[in-house]
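Okay, here's what each chain looks like letter by letter:
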Amino acid sequence: MYSRSNPSSAMPRPMARGGRSPRARMRLALLSLILIQAGCAVGPDFKSPALPDAAKHGYAETPLPDATAAAKAGPAGASQRLVSGGDLPEQWWTLFRSPELDQLIRAALERNPTLEAAQAALAQARENYNAASGNLLFPSVNAQLGGGRQRAILSGGSPSEFNVYNATINVSYTLDVFGGSRRQLEGLMAAADYQRFQTEAAYQTLIANVVTAAVQEAALRGQLEATRELLKAQEAQLAIVDKQVALGAQPRAAALSQGTLAAQTRAQIPPLEKAQAQTRNLLAALAGRFPGEGGLPEFRLESMKLPDELPVSLPSDLARQRPDIRASEALLHQASAQVGVAAANQYPQITLSGNYGTQHTVMNGMDVGNTLWGVSGGLLQPLFNAGALSAKRRAAEAAYRQAEAQYRATVLKAFQNVADSLRAVDSDAQALKAQAEAEAQARESLDVHSRQYKLGGISYLALLDAERGYQQARIGLIQAQAARYNDTAALFLALGGGWWKQPAAN
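Read on for an overview of the structure. (Residues numbered from 1 in each chain as written. Predicted model: local features only at pLDDT ≥ 70, side-chain atom pairs only at ≥ 80, totals over all residues. Heavy atoms only, no water.)

**Quick word on the overall build of the chain**
Along its length, the chain carries 10 helices and eight strands. Taking the principal axes of the C-alpha coordinates as reference, the chain spans close to 140 × 60 × 45 Å. For the chain, the residues scored as buried account for 39% of the 506 residues in total. Here the chain has roughly 27300 Å² of accessible surface; of this, 55% comes from carbon and sulfur atoms. Charge separation in the chain, taken as the distance between the mean sites of 49 positive and 43 negative side-chain charges, equals 9 Å. (Helix = DSSP H or I, 4+ residues; strand = E, 2+ residues; numbered from the N terminus. Buried < 20%, exposed > 50% of the residue type's maximum accessible area, 1.4 Å probe, protein only. Areas by Shrake-Rupley, 256 points an atom, 1.4 Å probe, with all protein chains shown as cover. Lys, Arg positive; Asp, Glu negative; His and termini not counted. Charge placed at Lys NZ, Arg CZ, Asp CG, Glu CD.)

Here it is, written out as structure tokens:
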């Protein structure tokens, strides 16, 4: 995954000094230091991991059909065509053609505190890099001013008081001969990249959560309406049965059975109302609002459009498009840089420093000035530390291996997400088709049983069974419709969400 650089290959050859002026020799010495620092950095040079060949074969053992099944179930029953190698749009949620959904997502992107926290973490990581680059790449220059009044008693003389003023500029710089500072900056840049991809992941996750919550709210709304309509029909039927019982045309047991069925249907309404209220509270929180603020749009499945085409990224492109994979790669890069830092700490550290200033002594109307300057250099070479530096390097290498394994796990999880989403898109389309056929047959069966019962051709128990079957089929149809919208959103999220289409994404 990484290769080691050869420090000696970048060392410049000695330069002849004969016949050169002191200024020229100084320039050559500075150039030599620059070349040494620019071309020599111990530790691994990071390279982006290559995708295993097995991952390039596809997302499933058996090929998926080019298009999903179609069903007579409104907009959710449309067939979807899988476009291999297609590219997601940046604003993929607009493919659902729902103005209410667009409005809510815009509000969430503006006000969601989790997204704001991710953006602040990114800004912090970038400023940490800026601060470190200023400290490590450039000399430290400080100005010092001082002043004081002193009193001296000379031998055999009277006390004398005088003022002392000084001004000094101090310059210090640690040469990055073996690349330790550059490896530190490399690690900090990788940390900033990690936060950047974490922000992209938070952005896409927020959008997907809003879409799935909106679909869930619409599905619960449809289930509530269907359940209430069914309860209304059952109560009307109960009134008829009660009259028949009063006239002696039906036994008391028929009224009790119909009443039980109506009560069971009525008991299903409060849990649905609770789930819908909680889903709307979730939508409010995702949009950065309090539940009591109101103003949230209402969603209906029939007002959403299922995208006709589903762009499916090539397996070879997925690792560059999933923000979680890119974030894991950034952590791997950071671990690689830390190996270089630990290696550089085992080599000598050279520090150059200098100062220039003046000192004035004012006494009895006289001003005596002195010019002070100094240049020094220091070399720090670790000699004995009981193996601490070697242990730190081995620990950094172990941390790299850990990050490498975590990267592979992230890639495997990403491919699993895509494979699961593609299979759900295909399977749930078939399930909706079957559920739509079941609902149509249950509705027709209920109509036939109702007519036969009015004519006295069947027992009331047979009618109750038909009503129960229709209720289950209708609720199941709504749930199957919602599953298709959720599958599409999950697939778009699994493929990365199209963030790389932004102008400054890469």
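**Describing the packing of aromatic side chains**
A full pass over the atoms with the stated rule returns six aromatic pairs. Ring centres of Trp 92 and Phe 492 lie 5.5 Å apart, and the angle between their planes is 65°; this geometry places the pair in the edge-to-face category. Separated by 400 residues along the polypeptide, Trp 92 in the loop between strand E3 (81-84) and helix H2 (99-111) and Phe 492 in helix H10 (residues 460-494) bring together distant segments of the chain. An angle of 25° between the planes, with centres 4.6 Å apart, marks the rings of Phe 178 and Tyr 347 as stacked. Here Phe 178, found in the loop between strand E5 (159-175) and helix H4 (180-246), pairs with Tyr 347, found in the loop between helix H8 (323-344) and strand E7 (349-363); they are 169 residues apart in sequence, far enough to count as distant. (Phe/Tyr/Trp six-rings, centres within 6.5 Å; stacked < 30°, edge-to-face > 60°.)

**Remarks on the nonpolar core**
By size, the foremost hydrophobic cluster in this structure holds 62 residues, and its most contacted members are Trp 92, Leu 101, Val 210, Val 211, Phe 299, Leu 301 and Tyr 485. No other element matches H4, which puts 12 residues into this core. For Leu 101, the contacting residues outside a window of four places in its chain are Trp 93, Phe 96, Val 210, Val 211, Ala 214 and Phe 299. (Core = buried A, V, L, I, M, F, W, Y, C linked by side-chain atoms within 4.5 Å. Contact = heavy atoms within 4.5 Å.)

**Describing the pattern of salt bridges**
Counting across every chain of the model gives 17 salt bridges. Note that Glu 329 and Arg 320 form a salt bridge whose closest N and O atoms lie 2.8 Å from each other. For Arg 322, the salt bridge is made with Asp 324, and the minimal N-O distance between the two is 2.7 Å. In this structure Arg 322 comes out as buried when scored by relative accessible area, which is 7%. Via salt bridges that share partners, Glu 217, Arg 221, Arg 280 and Glu 298 belong to a single interconnected network. (Salt bridge = Lys/Arg side-chain N within 4 Å of Asp/Glu carboxyl O.)

**Here's the deal with the sheet that holds strand E8 (residues 366-380)**
The strand order across the open sheet formed by four strands is E4-E5-E7-E8, and the pairing between neighbours is antiparallel. Of all strands in the sheet, those bounded by a partner on one side alone are strand E4 (140-153) and E8. Averaged over all pairs of adjacent strands, the angle between their axes in this sheet comes to 15°, without regard to strand direction. Both E4 and E5 contribute to a ladder of 14 bridges, which runs antiparallel. Paired with Gly 147 across the two strands is Tyr 165, which belongs to E5. (Pairing = 2+ DSSP bridges. Axes fitted to C-alpha atoms, helices over the stretch in contact; angles between N-to-C directions.)

**Regarding the environment of Tyr 194**
Turning to its location among the elements, Tyr 194 is positioned in helix H4. With 72 residues separating them along the chain, Tyr 194 and Leu 122 place their C-alpha atoms 8.5 Å apart. Residues in contact with Tyr 194, not counting those within four places in the same chain, are Ala 327, Ala 330 and Leu 331.

**Quick look at the packing of helix H3 (residues 113-137) against H4**
Packed helix pairs are specified by the crossing angle of their axes together with the interaxial distance, meaning the distance between the axes. Contact geometry of H3 with H4 gives a least axis separation of 9 Å together with a crossing angle of 170°. Our classification of the angle between H3 and H4 gives roughly antiparallel. Among the residues forming the contact of H3 with H4, the class breakdown is 17 nonpolar, seven polar and two charged. (Parallel < 35°, antiparallel > 145°, perpendicular 65-115°, else oblique. Nonpolar A, V, L, I, M, F, W, Y, C, P; charged D, E, K, R; others polar.)

**What to know about the side chain of Glu 200**
Position of Glu 200 among the secondary structure elements: in helix H4. Here Glu 200 occupies a buried position and makes no salt bridge, while the nearest side chain of opposite charge, Arg 196, is found at 5.2 Å. Contacts of Glu 200, omitting those with residues within four sequence positions, involve Pro 323, Trp 499 and Gln 502.

**Things to note about unusual backbone geometry**
If you check the backbone angles, Arg 97 has positive phi at about 55° while not being a glycine. Position of Arg 97 among the secondary structure elements: in the loop between E3 and H2. Note on Arg 97: relative accessible area 51%, which makes it exposed.

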